[in-house]
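Chain by chain, the residues run as shown.
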Amino acid sequence: MKYRRLIDNAKKPSGFWGRLMIRSMNKGHHELTDWALEHVKISNGLTVLDVGCGGGRTVSKLCQRVGSGKVYGIDYSQLCVQKSEKLNRKSILCQKAVIKQASVSQLPFEDDTFDLVTAIETYYFWPDKQGDLKEILRVLKPGGTLLLVFEMLKTDAEPDKWKRVEDRLNIKAVSREEIENALHSAGYTNVKSYTAGGTSRLCATAEKEAT
Ligand SMILES: C[S@@+](CC[C@H](N)C(=O)[O-])C[C@H]1O[C@@H](n2cnc3c(N)ncnc32)[C@H](O)[C@@H]1O
């Protein structure tokens, strides 16, 4: 019962169980996020967006890496926005971080805004995956990079590994090929993907064509 209430809140955290889920995600995705961030170059001055920012720990990690740059986080859950703002209050006060309540399907940003967009463990929930990838492409600068990160990797060896979570949340684990194809179809270039042996981790990087 407790497991179900908790897991139900992975999709759009709210209320008591949402608070617990946010705490658990901030802790549980920490090492996955550090591993994935090793696959992109994050340098001083970059403008970065974290989509589906949850409890805001990735925003905080990014703030530590962008120097004089700026980090935005969006999430459609009001509770996630509150928790992310709380965790990043110092960076928000000095205008290094901004958190907004928004859907990935309609990002509240101008075209060509971000050098890097990250999305950790959120893609499964997006309502229109091709449209949403294109929406991210719109806000990336030419030459900018998208980093998609997953811990529900589907492999031929263990096709039913995630069945319980898939059924409960009505989502699907992802395969490496499927994500690469989705990124190509949405118009990204230089698509690459990475797994970590002995784990279910997958991350993919893809670029907006430089003009
Ligand atoms: C499993 S949590 C991951 C949170 C965070 N990225 C992390 O790694 O801890 C998924 C997050 O994606 C958000 N989310 C799901 N669908 C979304 C959408 N369509 N637009 C914006 N955020 C969304 C949820 O509210 C939730 O905070």
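Residues numbered from 1 in each chain as written. Predicted model: local features only at pLDDT ≥ 70, side-chain atom pairs only at ≥ 80, totals over all residues. Heavy atoms only, no water.

> Explain the sheet that holds strand 6 (residues 189-195) here, please?
One key point about sheets: their strands pair by backbone hydrogen bonds, in either a parallel or an antiparallel sense. The strand order 3-2-1-4-5-7-6 describes an open sheet built from seven strands, whose pairing is mixed. Because the sheet does not close on itself, it has two edges, and the strands there are strand 3 (97-101) and strand 6. Looking at each pair of strands side by side, their axes are set apart by 15° on average, direction ignored. As paired strands, strand 1 (residues 47-51) and strand 4 (residues 114-120) are joined by four bridges and run parallel to one another. The partner of L49 across the bridge, within strand 4, is V117. Sheet strands touched by helix 5 (residues 78-87): strand 2 (70-75) and strand 3. Its angle to strand 3, the strand with the most contacts, is close to 165°. (Pairing = 2+ DSSP bridges. Helix = DSSP H or I, 4+ residues; strand = E, 2+ residues; numbered from the N terminus. Axes fitted to C-alpha atoms, helices over the stretch in contact; angles between N-to-C directions. Contact = heavy atoms within 4.5 Å.)

> Would you explain the pairing of strand 6 in this entry?
Along any regular strand the residues' side chains alternate between the sheet's two faces. Where strand 6 lies against strand 7 (residues 202-207), five bridges are found, and the strand directions are antiparallel. By the bridge assignment for strand 7, T189 is matched with E207. In this antiparallel pair of consecutive strands, strand 6 and strand 7, the connection spans six residues, and G198 shows a positive phi of 80°.

> I'm lost on the side chain of T122 in this one. Help?
By the element assignment, T122 lies in the loop between strand 4 and helix 7 (129-139). Residue classification places T122 among the buried positions, given a relative accessible area of 10%. Not counting chain neighbours up to four residues away, the residues in contact with T122 comprise V51 and G52. (Buried < 20%, exposed > 50% of the residue type's maximum accessible area, 1.4 Å probe, protein only.)

> Sorry if this is basic, but what is going on with the nonpolar core here?
Taken as a class, soluble globular proteins show a tendency for nonpolar side chains to be buried jointly. With 47 residues, the main nonpolar core has L49, L133, L148, L183 and Y188 as its most contacted residues. Setting aside anything within four residues of it in sequence, one finds L133 in contact with Y123, W126, L146, L148, A182, L183, A186 and Y188. Formed by 23 residues, the second largest nonpolar core is a distinct cluster that contains I42, L62, I99 and A196. (Core = buried A, V, L, I, M, F, W, Y, C linked by side-chain atoms within 4.5 Å.)

> Any chance you could explain the pattern of salt bridges here in plain terms?
A side chain of one charge can pair with a side chain of the opposite charge if their charged atoms are brought near each other. For the structure shown, the criterion picks out nine salt bridges. A salt bridge links K208 to D112, with the shortest nitrogen-to-oxygen separation between them at 2.8 Å. Placement of K208 in the segment after strand 7 and of D112 in the loop between strand 3 and strand 4 is noted, with a sequence separation of 96 residues between them. Residue classification places D112 among the partly exposed residues on the basis of a relative accessible area of 40%. We note a salt bridge from K141 to D115, for which the minimum N-O separation is 3.2 Å. (Salt bridge = Lys/Arg side-chain N within 4 Å of Asp/Glu carboxyl O.)

> Could you clarify how one ought to interpret the packing of helix 7 against helix 9 (residues 176-185) in this entry?
Two quantities define a packed helix pair, namely the angle between the axes and the distance from one axis to the other. Packing of helix 7 against helix 9 leaves a shortest axis separation of 9 Å and a crossing angle of 60°. Overall, the two elements helix 7 and helix 9 adopt an arrangement that is oblique. Here helix 7 and helix 9 pass one another in a crossing that is right-handed. When helix 7 is examined against helix 9, the residues Q130, L133 and K134 are found in contact with a partner set consisting of A182, L183 and S185. (Parallel < 35°, antiparallel > 145°, perpendicular 65-115°, else oblique. Left-handed = near helix turned anticlockwise from the far one by under 90°.)

These values are about where atoms sit, not about what they do.
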